[in-house]
Amino acid sequence: MKKTVIFLMALCLAASFAGCSRTENDDVILQESISVAEKSTNDNADSVPETTELSQSEEETTDTESSESVNSDENEETLSRILVAYFTYAENAGLPDNADASASASIQPWNGRLTGNTGVVADMIAQQTGGELFSIRTVKTYPSDYDGTIEEGQEEKNNNEYPELATHIENLDGYDTIFVGFPNWWYGMPMTMYSFFEEYDFSGKTIIPFCTSGGSGFSDAISVISEYEPEATILDGLSIGASDATSAENDITDWLDSLGLES
C-alpha cells in the first residue's frame, strides 16, 4: 500500500515538471515570436525614410529637368523675338527657274536659293542675331530684268501706288525688334515698303533699318519710316553698297556690336 502511494506521488511530480517545462517552452516561443515581430516592424520602419528620400531625390531631378526645359523654352522665345523683314527684287520678279545670276548684279545665289542683295544682307543679320527671316512679297510680279523692274518702281512712285502685299506677319506681338531691309529705288524706299509700314503698327517696338544701294544710302527712307511709325524706337541703320553685299559680314558684325545685338 505504501509503495502504491509513493508511486502515485512520483507520477504527479513528474507530470508537474512536464507541465512547467511546456509552459517555459511556450513562453520562450512566444517571446521569440514577439522579438521577430518587433524586428520586422523596426526593419519596415527603418525602410520608410529611405523610400521617402528616394522619392524626394526623384522629385528634385524632375524639377531640375523641368527647370532646364523652361530655360530652353525661354532661350528659344528670346531668339524668336527678333524679326528680319526684307524686300528684294529677285524674290518678287518673274525669274525663270534657270535664271543666270551672272546676268544681273542684283541676283545672288545664296544658301541654295536665288535672292537679291538685300536678301543676302538680311540672311547675314538673321544668322548673327538668331532672328527669323520674313520676305516681303507683292501680289504682282515684277519684270524678270532689273532695269524693267526699276522703271516700274519709278511709275509706282510717280503714281503714289501702294503695291498689294502677298505675305503678312502672322504674330507681330511675338517680336520686340524688327530689322527692316530694302533696296534704294529712286532715292528712297520702294513703294512696297510704304505698303508694309502702312499695314503694321510698330508702336513700342524697335525698328532697325538696313538697305542696299548704288551709292545713295537711305536717302529719305529714315524720315519716312519715322512718319509712319512715330511711336516706335528707330535705331541707327546700316547701308551696304549693292556690289559689297556678299562680303558685308564683317561690317554687319561691327554694326550689330555697336547696337549691342551681337549673337
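Structural data are supplied above this passage.
Residues numbered from 1 in each chain as written. Predicted model: local features only at pLDDT ≥ 70, side-chain atom pairs only at ≥ 80, totals over all residues. Heavy atoms only, no water.

> Give me the lowdown on empty space enclosed by the protein, citing residues and values where you can.
Here the structure, examined in full by the defined rule, presents 1 cavity of 30 Å³ or more. Together, Gly-153, Glu-156, Lys-157, Trp-185, Trp-186, Met-189, Pro-190 and Met-191 line the largest cavity. Counting residues per element, the lining of the largest cavity draws most heavily on helix H3 (residues 146-158), at 3 residues. Among the residues making up the lining of the largest cavity, the classes are represented as 5 nonpolar, 1 polar and 2 charged. (1 Å grid on protein atoms, 1.4 Å probe; cavity = no way out; pocket = protein on both sides within 12 Å on 5 of 7 lines; lining within 4 Å. Points joined across faces, edges and corners; volume = space filled by probe spheres on them. Helix = DSSP H or I, 4+ residues; strand = E, 2+ residues; numbered from the N terminus. Nonpolar A, V, L, I, M, F, W, Y, C, P; charged D, E, K, R; others polar.)

> Describe the packing of aromatic side chains, naming the residues involved and giving the relevant values.
Going through the model one piece at a time under the given rule, you end up with 13 aromatic pairs. Note on Tyr-89 and Tyr-146: the rings are 5.2 Å apart at their centroids and 75° apart in plane angle, and the pair reads as edge-to-face. Separated by 57 residues along the polypeptide, Tyr-89 in the loop between strand S1 (82-86) and strand S2 (107-110) and Tyr-146 in helix H3 bring together distant segments of the chain. (Phe/Tyr/Trp six-rings, centres within 6.5 Å; stacked < 30°, edge-to-face > 60°.)

> A description of the pattern of salt bridges should follow, citing residues and the corresponding values.
Counted according to the given criterion, the structure contains 5 salt bridges. In this structure, Glu-156 engages Lys-140 in a salt bridge whose closest nitrogen and oxygen atoms are separated by 2.4 Å. Pair noted here: Glu-156 is in helix H3 and Lys-140 is in the loop between strand S4 (132-135) and H3, with a separation of 16 residues, a long-range link. By relative accessible area, Glu-156 is classed as buried at 1%. Look at Lys-140 and you get partly exposed, because its relative accessible area is 24%. Its salt-bridge partner being Lys-140, residue Glu-161 comes within 3.6 Å of it at the nearest N-O pair. Separated by 21 residues along the polypeptide, Glu-161 in the loop between H3 and strand S5 (177-183) and Lys-140 in the loop between S4 and H3 bring together distant segments of the chain. (Salt bridge = Lys/Arg side-chain N within 4 Å of Asp/Glu carboxyl O. Buried < 20%, exposed > 50% of the residue type's maximum accessible area, 1.4 Å probe, protein only.)

> Can you explain helix H5 (residues 221-228)? Please cite residues and give values.
Residues of H5 that are buried: Ala-221, Val-224 and Ile-225. The arc enclosing the buried residues of H5, seen along the axis, measures out at 100°, which places them on a common side. Lining the buried residues of H5 we find S5, helix H4 (191-199), strand S6 (206-213) and strand S7 (233-234). (Arc of directions from axis to C-beta. Contact = heavy atoms within 4.5 Å.)

> Describe unusual backbone geometry, naming the residues involved and giving the relevant values.
Not every positive phi belongs to a glycine, and Trp-186 is a case in point at roughly 55°. By the element assignment, Trp-186 lies in the loop between S5 and H4. In this structure Trp-186 comes out as partly exposed when scored by relative accessible area, which is 34%. The phi torsion at Ser-219 lies on the positive side, around 55°, for a residue other than glycine.

> How would you sum up helix H6 (residues 249-259)? Please name residues and give values.
Among the residues making up H6, those that are buried are Ile-252, Trp-255 and Leu-256. Summarising the axial view, the buried residues of H6 lie within an arc of 95°, below the 170-degree limit, and thus occupy one face. Across from the buried face of H6, at angles greater than 90 degrees, the exposed residues are Asn-250, Asp-254 and Ser-258. On its buried side, H6 packs onto helix H2 (117-129), S5, S6 and strand S8 (238-241). Count one or two residues on from H6 and you reach Gly-260, which has phi positive near 75°.

> How would you summarise the environment of Asp-145 if you had to cite specific residues and measurements?
Along the chain, the position of Asp-145 falls in the loop between S4 and H3. Counting along the chain gives 52 residues from Asp-145 to Ala-93, while the straight-line C-alpha distance between them is 8.0 Å. At 2.8 Å, the side chain of Asp-145 and the backbone nitrogen of Gly-148 are in polar contact. (Polar contact = N/O pair within 3.5 Å; in protein donor to acceptor, adjacent residues only side chain to side chain.)

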